[in-house]
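# Commentary on secondary and tertiary structure
Here are the chains, one letter per residue:
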Protein chains: 2
Amino acid sequence: MQPNDVQVLAFDIFGTVVDWHGSIVREVGALYPQVDADAFVLAWRAGYQPAMQRVRSGELGWTLIDDLHRMVLDEILPRFGLAQLGEDERRHLNRVWHRLDPWPDSVQGLTRLKRRYTITSLSNGNIGLLTNMAKRAGLPWDCVLSAEVFRAYKPDPATYLGVARVFGLPPQQVMLVAAHHEDLEGARACGLRTAYIERPHEFGAAHPKDVSPQPGNDLHCASLMALADRLGC
Amino acid sequence: MQPNDVQVLAFDIFGTVVDWHGSIVREVGALYPQVDADAFVLAWRAGYQPAMQRVRSGELGWTLIDDLHRMVLDEILPRFGLAQLGEDERRHLNRVWHRLDPWPDSVQGLTRLKRRYTITSLSNGNIGLLTNMAKRAGLPWDCVLSAEVFRAYKPDPATYLGVARVFGLPPQQVMLVAAHHEDLEGARACGLRTAYIERPHEFGAAHPKDVSPQPGNDLHCASLMALADRLGC
C-alpha cells in the first residue's frame, strides 16, 4: 500500500482505543466489591451485539448505544445480585461507558498520527458518549463520527462509505483502524484500507484473545505507536 | 443566568468564529486580481440563504453546503468575467470555505472555554468542511456538529434541540454562541441559552454591521476572549 494516498484514519473505539474491560472492572469493583466484576462486564458486553442486532433487523427502531447499554444493564443486574439499584445508580453506572480509559499507547499514538492525517472516531457509540470519553481521556480527534451520524451500525456499509462521503474522498483514501477482524472485513468490502491493532487483553488478562495476523489487512500493528511508526508519523 | 448550569457551548462558525469575508477576499484577490474581490465574496455569500431556503422548502432534497456553495459559485462566475474557469479551478475555489481564517481571538478564546465547557460547532457547514477548517486553523473542538448530522438547516429547531439530545441535556444547559440575532432567536425559542458576539466587520471593514445589543440574549460580548472572561474561564 501507499500510505500517502490515505488522508483519513477512522478508528474503532471500544477495545481498539480504550480498554472497556479494565475500566469497567475497576469501577464496578470499587462501587460493588461483592460482585464478580470480570463476569459482570463480560455479561454486559455480551449483550451488546445482540442488542444492536435488534436494531439492524428492524425489530427496534433507531436506538443509541447509551440506551442499548441501559437495556442490557437492566437485564443483567438481577443475575449479579444488584436488582435493588435505583434509577440514579443505574444511570450513573450506565455512563461508565463514557469514562473508559485509553490503552497506554492511545493518546501519544493518536497525537502522532494527527500530524499527518485527519483522525476521526468511527464507533457504534453515540456522539455524546464519544465526546465525553475523548474529553476525559484526552483523545485528540479532529472529528467525532459515530453510527449516530449515519443511523446505521457497523458493519453496515453506510458507516464506512459514510466516512468517505463526509470527507469527499474515494474509499481507498480512508483507512479503518480496529482490533476486530469483522469490522475490518466490512470496511475492506467497501474499498477502505485497513489496519489491525493487536489488543490481546481486550477481554481481560485472564481471557487472552487470538491476535495473529489474518490476510487482507494492509497493516497489522501491535499498538497505535507502531501504526504511527509504520505510517511515518 | 447561572453559567455553571451550562455544560455545552455550541458555536456558529461562519462570521462568528472565522472571517469568511476577509479570508475569501484575500484568496480571490491573489488568484484573480482583475476581479472586485469584495463584490465577488458578497455576491457568493448573498446566494447562501436563498440556496438553503430551497432545501428548507423541499424544492431541493437534502444538499450539503459544499454543493450549495458550488451552485451559487457557478451562477456568479460569469458576472465577474470568470465564466471560463474549468472544473479543477472551480472545485479548488469552492473549497476556500474549508480554508477560512479564524478571527484573532478565536483560537485562544476557544482554548480557554474548552477548559470548563464542552465546545462544539453548530454550523450549517458540512462536517468535512468544518473538520478541514478546524485542522487548518487550530480550532480545538471537542465535537464537530453540523446541520449534516440533523439533516436540517438552522434555524430549524431540530438543530438546536439536536445538540441537547446528543449530550443528553435539557436545552437550558446548552448555550448557542453566534454573531447573528436570528440564529440566537431560533436557539432561544428552543430553550437554549444564548451569547451574542460582536463581529462588526463580518462583511468587511467597508460594510460595518450594527452590533448593538438586542434584548433576550443572556450575554453580549465583544469577542470570544470576552466570553471566556464572562464565563470565568
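Since the model is a prediction, treat every value here as computed from it, not as a measurement.

About the thresholds
Residues numbered from 1 in each chain as written. Chains lettered and ligands numbered in written order. Predicted model: local features only at pLDDT ≥ 70, side-chain atom pairs only at ≥ 80, totals over all residues. Heavy atoms only, no water. Domains from an automatic or database assignment. Contact = heavy atoms within 4.5 Å. Buried area = accessible area lost by both parts, 1.4 Å probe. Salt bridge = Lys/Arg side-chain N within 4 Å of Asp/Glu carboxyl O. Polar contact = N/O pair within 3.5 Å; in protein donor to acceptor, adjacent residues only side chain to side chain. Helix = DSSP H or I, 4+ residues; strand = E, 2+ residues; numbered from the N terminus. Nonpolar A, V, L, I, M, F, W, Y, C, P; charged D, E, K, R; others polar. Least-squares fit on C-alpha atoms with pLDDT ≥ 70 in both. Buried < 20%, exposed > 50% of the residue type's maximum accessible area, 1.4 Å probe, protein only. Disulfide = S-S within 2.5 Å. Pairing = 2+ DSSP bridges. Axes fitted to C-alpha atoms, helices over the stretch in contact; angles between N-to-C directions.

The next subject is the domain arrangement of chain A. Residue and element names in this part refer to chain A. As far as domains go, chain A holds domain 1 (3-19 + 101-230) and domain 2 (20-98). On a C-alpha basis, the centres of domain 1 and domain 2 stand 23 Å from each other. Facing 24 residues of domain 1, the contacting portion of domain 2 comprises 22 residues. Where domain 1 abuts domain 2, roughly 1,900 Å² becomes buried across the two surfaces, and 55% of that area is made up of carbon and sulfur atoms. Summed over the three residues of domain 1 that lose the most area to domain 2, namely F14, D19 and Y153, the buried surface amounts to 34% of that side. The interface formed by domain 1 and domain 2 contains one salt bridge. Close ionic contact of D101 with R26 constitutes a salt bridge, the shortest N to O distance being 3.1 Å.

Glancing now at the interface of chain A and chain B. Chain A puts 17 residues into the contact, and the matching count from chain B is 17 residues. A combined buried area of about 1,500 Å² lies between chain A and chain B, and 55% of that area is made up of carbon and sulfur atoms. Across the contact surface, chain A and chain B share four salt bridges. We note a salt bridge from K135(A) to D142(B), for which the minimum N-O separation is 2.7 Å. At the junction of chain A with chain B, the criterion picks out six residue pairs in polar contact (both at pLDDT 80 or more). Breaking the side of chain A that touches chain B down by element, the ones donating at least two residues are helix 7 (127-137), strand 3 (143-146), helix 8 (147-150) and helix 9 (157-166) of chain A. If you tally residues by element for the side of chain A that touches chain B, the top one is helix 7 of chain A, at five residues. Grouping the constituent residues of the side of chain A that touches chain B by class yields eight nonpolar, four polar and five charged.

Two chain copies here: they are related by a rotation about an axis and a translation along the same axis. Note on the identical chains: chain A maps onto chain B by a rotation of 180 degrees and an axial translation of 0.0 Å, with an RMSD of 0.0 Å. Put plainly, the chains are arranged around a two-fold axis. In terms of C-alpha distance to the rotation axis, chain A has V149(A) as its closest residue, with the C-alpha 2.7 Å off the axis. In this assembly, 100% of the residues forming the interface of chain A have copies in chain B that are likewise at the interface, indicating an isologous arrangement.

Right, let's talk about the side chain of R90(A) for a bit. Residue and element names in this part refer to chain A. Mapped onto the secondary structure, R90 falls in helix 5 (residues 87-94). Judged by relative accessible area, R90 falls into the buried class, the value being 14%. A polar atom in the side chain of R90 sits 3.0 Å from the side chain of D74.

Overall, the coordinates contain zero disulfides over all chains when judged by the stated rule. Just so you know, C143(A) is unpaired, no disulfide at all, and the nearest cysteine sulfur is the one on C143(B), 8.1 Å from it. On the basis of relative accessibility, which here comes to 1%, the residue C143(A) falls in the buried class. Unpaired in this structure, C233(B) has its nearest cysteine sulfur neighbour in C221(B), at a distance of 11 Å.

Residue and element names in this part refer to chain A. Relative to the assigned elements, S106 resides in helix 6 (residues 106-116). Overall, S106 belongs to the buried group, its relative accessible area being 0%. In contact with S106, other than residues within four places in its own chain, are T16, V17, R199 and L224.

Moving on, we come to the sheet that holds strand 3 (residues 143-146) of chain B. Residue and element names in this part refer to chain B. Read across the sheet, six strands follow the order 3-2-1-4-5-6 without closing on themselves; strand pairing throughout is parallel. Two strands bound the open sheet, and with one partner strand each, they are strand 3 and strand 6 (219-221). Averaged over all pairs of adjacent strands, the angle between their axes in this sheet comes to 25 degrees, without regard to strand direction. As paired elements, strand 2 (residues 118-123) and strand 3 share four bridges and run parallel to each other. Paired with L122 across the strands is L145, a residue of strand 3. Packed onto the sheet, helix 10 (residues 181-189) meets strand 4 (174-178) and strand 5 (193-197) and runs at close to 170 degrees relative to strand 5.

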